[in-house]
Structure formats: C-alpha cells, structure tokens
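Residue-level structure breakdown
Spelled out, the chains give:
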Amino acid sequence: MSSEERPVLLKVEGLKKHFPITKGVFRRQVGAVKAVDGISFDILKGETLGLVGESGCGKSTAGRVILQLYSATAGNVSFKGQDLMSLNKEDLRKQRPHMQMIFQDPQDSLNPRMTVGSIISEPLVEHGKFKGSERRERVEQLLESVGMNREFTNRYPHEFSGGQRQRIGIARAIALSPEFIICDEPIAALDVSIQAQVVNLLEDLQEEYGLTYLFISHDLSMIRHIADRVAVMYLGRIVELTDSETLYSTPQHPYTQALLSAVPIHDPKHEMNRERVILTGDVPSPANPPPGCHFSTRCPRAEKRCFEESPEWREIEPGHQVACHLV
Amino acid sequence: MSTQASILQVENISTRFRTQDGYVHAVNGISFDLKKGELLGVVGESGSGKSVTMMSLLKLLPMPPAEIVSGTAKFEDQDLIQLDTNQLRKIRGGKIGFIFQDPMTSLNPVLTIGYQLAEPMREHLGFSRRKARKRSAELLELVGIPMADSRLNDYPHQFSGGMRQRVMIAIALACDPKVLIADEPTTALDVTIQAQILDIVKRLRKELGMAIIWITHDLGVVAGMADRVAVMYGGFIVEEAPVNELYANPKHPYTQGLLKTLPNLEGDRAKRLESIGGQPPDLHQEPKSCPFAPRCSKAFERCLQENPSLINRGKNHKVACWWNSDSGEKV
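The rules we used
By convention here, each chain's residues receive numbers from 1 onward along its written sequence. Working convention: letters from A go to chains and numbers from 1 go to ligands, in the order in which they are written. It should be noted that, the model being predicted, local features are given only for residues of pLDDT at least 70 and side-chain atom pairs only at 80 or more, the latter also being counted only at that level, while totals for whole chains, interfaces and linings use all residues. Each side-chain value is derived from all of the structure's non-hydrogen atoms; neither hydrogens nor water enter the calculation. Put simply, DSSP H or I for four residues or longer makes a helix, DSSP E for two residues or longer makes a strand, and each gets a number counted from the N terminus. When we talk radius of gyration, it's over C-alpha atoms, and the globule rule is simply 2.2 Å times the number of residues to the 0.38. Here's how the labels work: a residue is buried when its accessible area is under 20% of the maximum for its type, exposed when over 50%, partly exposed in between, all with a 1.4 Å probe on protein chains only. Whether two residues are in contact is decided by their heavy atoms, any of which lying within 4.5 Å being enough. Computed with the Shrake-Rupley method and a 1.4 Å probe, the accessible areas treat only the protein chains shown as cover for residues. The convention is simple: Lys and Arg are positive, Asp and Glu are negative, and His and the chain ends are not counted. Positions of charges follow a simple convention, taking NZ of Lys, CZ of Arg, CG of Asp or CD of Glu. As used here, the term nonpolar core means buried Ala, Val, Leu, Ile, Met, Phe, Trp, Tyr and Cys residues forming a set that is joined through side-chain atoms within 4.5 Å.

Attention shifts here to the overall build of chain B. A count of helical and extended segments in chain B gives eleven helices and twelve strands. For 331 residues, the compact-globule formula gives about 20 Å, and the C-alpha radius of gyration of chain B, at 21 Å, lands near that figure. In terms of principal-axis extent, the alpha carbons of chain B reach across some 65 × 50 × 45 Å. Taken over 331 residues, chain B has a buried fraction of 54%. Restricting the contact set of chain B to residue pairs at least 6 apart, pairs at least 24 apart contribute 64%. Split by element, the accessible area of chain B, about 14800 Å² in all, is 48% carbon and sulfur. Looking at charge distribution, chain B has the averaged site of its 40 positive side-chain charges lying 3 Å from that of its 37 negative ones.

The following block contains the structure:
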C-alpha cells in the first residue's frame, strides 16, 4: 500500500479549535478549552488514516472541524486542493456530497420518526440526486449494499438492533457516493460479535467504491486492523504519526508506548509476561494544558526541557513523525 | 486453586422481567461455584444476562418488574435468594461488596466521599465516626488516592472518572468483603486509566485474599485477571474453564467465534476479520433450544429443538453444546 504514489485527498495544517469559556452577563471570555490545538496531517486517496486517543483528547472535535461542522479557530483544511475554510455557505454545500460522516451512536444519529427509506434518501433529496422511482431504487440498492433487506425501507430505526442501525447510518453516508468518509467511533457502541461485521462492511465498501476513511477510535486493536497509517492524539495534539506496522512494532513517543502497553490482550499467557508502562495520574484539562509538552505531567521519561518547551513536530524517518524532545 | 472450598454456590438461577410485550427471559438457569480467593471472570455481550445474574444474588433488581423464578445461592450456610431485604442489607456492602460500571452515577453527588466511605463501616461494623474516618483515609490510600485525608471532605464531582472508580473500590472494600462483585468496573474508563485500576485490583487481591467475580465484555481484561472464566450467551453459561484452557482450547462455537473476531494488537494482521453472522437472541422467546443455534455454523436439528446442558468435557472444562469440538461428533 505504501509504495505506490497516491495523491493527497485532504490536507490539514495547523488546525485549531478552541471553545471559549465565558463568564458573567456580558459573556466575557475568560479562557478556552483547547480541544484541538494545532494538528497537521495529510490523508491520501484510498487510504484509511486511523486517529486514536483517549476520551477528551479532541479526536472527535478534529473530525467535525475537518468537515466544517464546527468553524475552526485557526489553520487550514483543503480537500482536493480546495480550501474548505474560504468557501461560502453555498459552495461548501456543494462540496458536502463528497465528504460524509458515520457517527458513533446509531441510536442518536437516526431520527426515530423517520422511516429507514426517508433517512437514507434525505441526502439524495437535499442534493437533488435521483428522482421518483429511480430514487427508490437507489435507496433499496443502498440497503442491499450494506447487507440489509431491501424491503426494510418502510420500517423505523427502533425496529433494528444496534449493528443494523449502524448499517443504516453507513447506507446514508454512502448515498451520495462520497470520496471521503469520517468514521467517528463507528463500532464503539456495538457488541464484539457485531463489531467485526461492521468493520468488514466498511472495508468492503472501501474496496468497491475506492473510499478514503478517517477512522476515529479509541480501540487500538481495531485501528491496527483497519488503518494504513495511524495518528495518535493526546490533549489536542498529535504526538505520533506513521504507518500502522511501524507504530505498533516500534512506537517512539512515550505516550504511544504507554497506550499500547495498557491495552489488554486476549491471551492469558502473553498477559502474564507483559511489561506494562502504567501511567500515573489523569489527563490534564484541555482548558488548562501544561506548558511545554502536553504529556509532560504523566510522562515517565520527562526532563526539565519537556516542562518548558513544546516539542517540535518533526519527521524522524521518512513517513514517521513524532513530537517529543527525547526521540 | 481448584481444590479450594467454595464460598458461593449458585444453582439454577433464573430471572425474568415482566414487560408490556410479555416476559423477557434474561437469565435462564445459571449455576456456578466461586472458590475462596479466586477471580472468576464472567464474559458476555450486552443482554447476555451477566449483570442480571449477579444482581439477582443480592436482589439488587427492582422487583417487579424483575422476578427471580428459581434458584439457590449458598453463601456461608445461608441461601441468599431466600433472605428478606433486612437480612440482605447486612450482607450487601458488608460480606459481599459490589462495584458498578459507571462511577459517575453510583456515587451520591450531594454527600462527601468521606461520608460515603464511612457509611458501610458504621452500618455493618458499628464503627464510631472517628474510627470510620481513620479507616476511610487508609482505604483511599490503599487504592492510590494521594492526600487521602484531605480528600475525604470532597464531593464526587471533584474527582475524575478514574478516581471515582477508585473510591467505589474503596467503598466496596471497606468492610473486608469475602466476595467482591465487580460489574464492568473499567468499561467506562480510558485504557491508561483502566490499566491503573486493574493494577490496583491485582495488588489488593494478593493483599486481602477475597474472591472476586469480574463481569466484563472485554476478553482482553479477563485474560490478564481471571483464574477461571464463564462465557455467557442469551442468559446461559455456554462455556466455563480455567483461563489458560479457555483461550488455548475454546470448545463452544460461540467462544471460538468470539475469539476469532477480535483483531490482534501484535503478530499477524488478518486480511479480514472473521465475524459471527446474525443478531443476538431475542429474549422475549422462552429459550427452549440452544440460544446460539441460529447463528451457529455447527448447528444441526437437535440444536434447534433442545437446549444442551453445561457438561464437563475434561480438565474442569464445561461446555453446553450438542456438538463435540474435539471429536467433531454430534451428540
């Protein structure tokens, strides 16, 4: 996968999203939650970029800012060479069919009062694609392509299990034949035996339609399976980015190392002999991140410099970027 | 471990819920033994009945709609199922401790941590206020909360999720329980925080020597913690074995399937995940056949007609399946 030259589909540069904290009657701004604090990466056409991190690290916010569901505080997002942030509303709307999102909780992201048919056809109606019986045919074909019965169009979301609802969400996301889909924890709410079904479906669709994914998850084993390259996020910043082979075999950033060692492995013999890096303390608040390296307060190897200077985001080997003073 | 005496003997527990569309058969005749000092992992997906089973033992379910249809649970010469609320109250939080999944909702937000920690000791052990407070501080230290003494006056919202779960563990341990039931205690936590909690539990287990029932859906957590594992599906235990045996040699098609669907963190990267087709069982139907049969690749006629019972297939390895995975024979 890595050797062939692929064009860059999406470029993110220095992206920031700060949510203001306001106080008093005049809503004076007294601070900001720095949910995303300067992240940069490229996504190549046809690849899956995994974005991992723990809750509150800003990975979901990053996804939403990229799709312009939130307006960014600073930075650039360009999709196929076009700067999304400079577009006006109408032009942005025209770009939307190319970029879609699959949400975490299929319970919340499907309108309980709409039938499956109207949920899936909504984007088609909105963007004026297909008419009348053609549209109906398209919806049925979409249902079939996500492994569901085409007769389900008149049913409501509550009639389906979690895994099936997620399939409906996927059908809606691919309805407009997008090129790029952000999957925001698409399997986190599903049972283990159903997760594999949904991941396999996403992979099949990728192969069939040449989709590009940004796969946001906290499940490191699943990311390893699905992603070509992986970015690890901590407290609003990306600390390490490389191909998944390298990341899992030779992680360089102390946080990546700790994160990988904390994941339980389903093999008791292996578990017994594993050496764990157990991090002390909790993730600091993104409203008040530590100066210097954000990970410095929990890093087992932190030195004086780590508490003072932010580490530079640099390439240590071709295609392997790390933000750490000690690497 | 297997030679030790049992501390809790559960037999044939069945629990159902009355709903508008008839009964939901959540637990359908569960039996297991908990040995002294052992950690029994109970694994299953949502709706498999793992929490309901354990909550039935201490009648922590709202009744109605819940009904315990049958079963006995022998703990120290008493049958827990037969006890009334007053008698159970002496056991809950005392000899049997409970840790719940969500540390955000299981602590009372308007009472200090110190009060909530002291409460079981004052109730069960008759400690004075001062003695309970001193012991509370020790407990917080035991679960690794720094500056324990001053934190006793704090309220739950002043603690992070991981810290709150530590407080829950401290409360559960307050009266030196013989049995600790932990219901998905780390599911709501991040992996690095989960690693901290698992580390604490492993350490405390060595120090205090209590028996633990650890309910989880995470086969990874169980692999590193449990001595013995019971796998649940559709309100039944479908397989039960010592931990190494279960992972090395799973015998029930469901366990086999489940282990294969998991992606690896190390080693070879599978081109495609194996998956178990179909959907989890509908618990509205009274289970008269094997609950896994509709999704099972090995199923034959008998599986759809009769429910297999949990029988021994060597080395303390119990399986409830009509298909013998060793010989390939249909029983």
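Among the nonpolar cores identified, the biggest contains 71 residues, and L140, W214, V229 and Y247 of chain B are the most heavily contacted of them. Sort the elements by how many residues they give to this core and helix α6 (residues 161–173) of chain B lands first, with eight residues. The next biggest cluster of nonpolar side chains, apart from the first, holds 63 residues, and it includes L110, L124, F160 and V239 of chain A.

A few words on the environment of N249 of chain B. Residue and element names in this part refer to chain B. With respect to the helices and strands, N249 occurs in the loop between α9 (243–248) and α10 (253–261). Considering only alpha carbons, one finds N249 and A174, 75 residues apart in sequence, at a separation of 38 Å. Setting aside chain neighbours within four positions, we find N249 in contact with E239 and H317.

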